[in-house]
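Below are the chains, spelled out letter by letter.
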Amino acid sequence: MSYISLSDKDKKEMLERAGAASPEDFFCGIPEHIRLGRRLDVPDGLTEPELLAFMESLAAKSDYGRCLSFLGAGAYRHVIPTVVEALSSRGEFLTPYTPYQPEVSQGTLQAIFEYQTLICQLTGMDIANASLYDGASAAAEAVLMADRLNGRTRVVLPLSLHPQYRRVIETYTRHTDLELVEAGYGDDGRLDLKDLESKIDDRTTAVLCQSPNYFGVVEDLKTVARLARARKALSVAVVAEGVSLGLLEAPGRLGADIAAGEGQSFGLPLGFGGPYLGFLACARDFMRQLPGRLSGMAEDAEGRRGFVLTLSTREQHIRREKATSNICTNQAWCALRATIFLETMGHDGLRELAAQNGQKARYALETLSALPGVTARFSGPVFHEFVLRLPKSWKAVDEALRGKDILGGVGLEKDFPELRDCVLVNVTEAHSRRDIDRLASSLREVLR
Amino acid sequence: MKREPLIFEVSDKGKRAFRLPKLDVPCGQDPWRGYSLRESIEGFPQVSEIEVVRHFTRLSQWNHAVDIGFYPLGSCTMKYNPKVNERVAAFPGFAGVHPLAPEEYAQGCLEVLKRTEELLGEITGMDAFTLQPAAGAHGELVGMMLIRAALADRGDPRRVVLIPDSAHGTNPSSAHLCGYRVQEIKSDGSGRVDMAGLEKAMTSEVAALMVTNPNTLGVFETDIRKIAAVVHSRGGFLYMDGANMNALCGVCRPGDMDVDVIHLNLHKTFSTPHGGGGPGGGPVGVKNVLEPYLPGPKVDRRDGRLVLVADLPKSIGRVRSFHGNFLVVVKALAYILSLGAEGLKEMSEVAVLNANYIRKSLEGLFHLKYQTPTLHECVFSDKFQKEHGISNLDIAKRLIDYGVHPPTMSFPLIVPGALMIEPTETEPRRELDVFIEAMKAIAREAKESPELLKSAPHASPVRRLNETAAARNPVLRWTEDMTEPSRE
């Protein structure tokens, strides 16, 4: 199927007007010795029914949908209200470019302005950008931003930070003078504050703290921010699960200077990892160092309110190598979906959503840790994810559960060798009590 | 003129647009012990479902989009985004799969990744691809990191990256982010890389040359192999920005031009929707020499199954969580399979035909700084109209009144007052003619009634917006003390 719109007559007349005998003529500037000179080795084109059949056959090769899954670790299955799909799939939202021409982009620009406001309200920050690629790269951009703000040399990363976020930060900082320093975790699963305090000094650029952390445990952001501030380091709150902000105190109110996180839970499907939505918010003082696009309020020639992309002197298309970041295309449509999701959920809906996640996880934790030999690995308060310690290695248990079409959680051994017998279990509002009970009874059988 | 309030301005306590099923587990005693709880989310909206639906439906009507009309934004390749690709990406076997699903539960998703890597390899002539980068600039950063890692391995770290003065702004920015000093290379009179300048600049301190081909003027770098030879002879790498790959598919391949690294933009050449600024996809292709450094994990075939290989000792590491913008990749794969070999070639041929049709139709009316033949786009300027005090911005704003999205104006920097026009292959001739007639009318108006252009647009939801004032005193969010402007 080709999507060309020209008739043969069009082609003929247009070639004539352009002064060419055939399309070949246009390519005369390409030397013969680098021409392909053969047909691409790509299969013949497919019609729509053929394409659908083929792609359906590919999709059917993934058995994941058959399973009852408790996988989380930075990607979560949540309810997506019907209006999110219905409105975001409108071609007027799906098929424009970045809103460089504000007069014909007010829809996108106002939606981004609302998105920025919602992120500020959730994080308790003054300003937020229009989106970044994902939570991990948002955390990396937060680190680079902190570096520009105070020019120090060390960044403290807790071990309880999502391992993939850590790796992305490592990649992004490899060519800077920043040194990454680790801080451990305690038996409650929270940052070991004594260890943390010993790692912060006058060289510290920023202290990152993910809450709820990779183990699902809610951190004491307030104390972490205080320890950072005592040495004039910046505190960066990392939020890998946006829904938690419906219930937990906003990082900005707990003293965090920058909040970076992942908004996948706001109306984006799991999608085997993307597209997701990175958010970045901060105090107003840091505005000039914030990377990424910003929608700002403006007035038109008749004094009416409108919105424009603003403060673009921070950006690559104006400042080139002196820009705050190289980001150009971001995740605007994902931010639009998040905006529709959050406005549909509304204040009470988001609070209820967060509360149900917490309640169900609590029920699951209590039920599962009552099984013989199974305990909660950490004593700290959790949101909707928790680590269980099992009487056998997770690998063996996982295999047996898979035999019952259950994916019980994410094993931790690869990233945390000391947690070989542990598993990270996620429960959201999308799990019913029956689902949780099924996991419990299956686990009981497997461990017997 | 219609106004649409901010959602916060129609919010009222207690309104709901969505309800969850009742909690089906027992409430624990004191369930939030140990939390720092918030009492409310201050200012968060409360509206009904129809309010949400009308709000976004009205807002959508204020956007120009490919689905509405011509969008000749140069170097952005605003082609038609096939609807069937959206349907395919929504299949539960793609959209519903968790990124940490064990390999044996995600074979279909892994096959999408593997097949796309292989097809992109054939289309570009590169040996290996990573699909992890989330956008073009992200791909550029990866490309630079690969080069830096390879040079470090050789014990020959270098400090400089050469970039032609016609380049997109992300090129210098990405190189800088990777720790390189950027040195500009001048273009010659044809708009191409100046070979003498390159010879001189290409020292043993230069890690790479980043070149866009065809470049942002739409001009093919005819000497690309000589360029590669100069770069390689001094131990550097040739990076190609593939933003303009829409001009070359089935005709020639970067791999055959001795390019070492390339990034593609799935949201340009491969039809995935731009979504008002993203998500994109920025696959990076490399020659064998750079493959060991690609981000991981990578998909591999083993005993008839697809597996993820994470043990890559030389890899630069991750640049994004999980597997990149996977559903964007699904759409790009669907597009490649729809077009097939013949369709891909026709795509590039017609993209180039459409661009040359426009160029020929407007030559003489608008200034063309470089007379060199062009491929998929052409760059005019406002030089003739400047005589009447009219800038490219005025021309752009007036085009809006004719129902057309303006061309790119922010670059290339070597053409002052640029109007970079890229029609793409999917435009019907009728739309091209509407645009050509509009441009002709504007050229007339510039002479006869310049005020009409300076005060444009006249037919848009808002008139020209004061961007300078907005940047001087930035208002970046709604606050409760804001008053809603009165409705007219």
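Residues numbered from 1 in each chain as written. Chains lettered and ligands numbered in written order. Predicted model: local features only at pLDDT ≥ 70, side-chain atom pairs only at ≥ 80, totals over all residues. Heavy atoms only, no water.

## Quick look at the nonpolar core
Across soluble globular proteins, you tend to see nonpolar side chains buried next to one another. Core analysis: the biggest nonpolar cluster contains 165 residues, and Met55, Phe215 and Phe386 of chain A together with Phe94, Leu248 and Phe435 of chain B have the highest contact counts within it. The element contributing the most residues to this core is helix H9 (residues 326-362) of chain B, with 21 residues. Once residues lying within four places of it in the same chain are set aside, the contact partners of Phe435 of chain B are Phe70, Pro72, Ile358, Leu362, Leu399, Val404 and Ile421 of chain B. Counting 73 residues, the second-largest nonpolar core is a separate cluster that includes Leu109, Tyr115, Ile200 and Val224 of chain A. (Core = buried A, V, L, I, M, F, W, Y, C linked by side-chain atoms within 4.5 Å. Buried < 20%, exposed > 50% of the residue type's maximum accessible area, 1.4 Å probe, protein only. Helix = DSSP H or I, 4+ residues; strand = E, 2+ residues; numbered from the N terminus. Contact = heavy atoms within 4.5 Å.)

## What about the domain arrangement of chain A?
Residues and elements named next belong to chain A. In terms of domain boundaries, chain A breaks down into domain 1 (64-78 + 347-447) and domain 2 (82-341). For domain 1 and domain 2, the distance between their C-alpha centres works out to 28 Å. Of the roughly 2,400 Å² buried where domain 1 meets domain 2, counting both sides, 65% is carbon and sulfur surface. When residues of domain 1 are sorted by the area they lose upon contact with domain 2, Phe378, Phe383 and Phe416 head the list and together hold 23% of the total. Across the domain 1-domain 2 interface, the total number found is 2 salt bridges. At the boundary of domain 1 with domain 2, the tally comes to 12 residue pairs in polar contact (both at pLDDT 80 or more). Of all elements in the fold, only helix H11 (332-369) and strand E12 (385-389) reach the threshold of two or more residues within the side of domain 1 that touches domain 2. Of all the elements, H11 adds the most residues to the side of domain 1 that touches domain 2, at 6 residues. Of the residues belonging to the side of domain 1 that touches domain 2, the class tally is 19 nonpolar, 6 polar and 6 charged. (Domains from an automatic or database assignment. Buried area = accessible area lost by both parts, 1.4 Å probe. Salt bridge = Lys/Arg side-chain N within 4 Å of Asp/Glu carboxyl O. Polar contact = N/O pair within 3.5 Å; in protein donor to acceptor, adjacent residues only side chain to side chain. Nonpolar A, V, L, I, M, F, W, Y, C, P; charged D, E, K, R; others polar.)

## Considering empty space enclosed by the protein
Residues and elements named next belong to chain A. The full count for this structure, using the stated rule, is 12 cavities of 30 Å³ or more. Approximately 80 Å³ is the volume attributed to the second largest cavity. In terms of lining residues, the second largest cavity is bounded by 14 residues, among which Tyr76, Gln210, Pro212, Asn213 and Glu385 are the most central. By residue class, the composition of the lining of the second largest cavity is 6 nonpolar, 6 polar and 2 charged. (1 Å grid on protein atoms, 1.4 Å probe; cavity = no way out; pocket = protein on both sides within 12 Å on 5 of 7 lines; lining within 4 Å. Points joined across faces, edges and corners; volume = space filled by probe spheres on them.)

## Quick notes on the layout of surface pockets
Counted as a void, the largest pocket has a volume near 1,300 Å³. Val410, Gly411, Lys414 and Asp415 of chain A together with Leu100 of chain B are, among the 42 residues lining the largest pocket, the residues nearest its centre. Counting residues per element, the ones that place at least two in the lining of the largest pocket are helix H7 (163-173), helix H12 (394-402) and strand E14 (410-411) of chain A together with strand E9 (305-309) of chain B. Partitioned by chemical class, the residues of the lining of the largest pocket number 19 nonpolar, 9 polar and 14 charged. The space that makes up the second largest pocket amounts to roughly 880 Å³. Lining the second largest pocket are 45 residues, and of these Tyr100, Leu309, His317 and Ile318 of chain A together with Ser410 of chain B sit closest to its centre. For the lining of the second largest pocket, the secondary structure elements donating two or more residues are strand E10 (305-309) and helix H10 (316-319) of chain A together with helix H5 (136-153), helix H11 (392-401) and helix H14 (467-472) of chain B. Residue composition of the lining of the second largest pocket, by class: 19 nonpolar, 20 polar and 6 charged.

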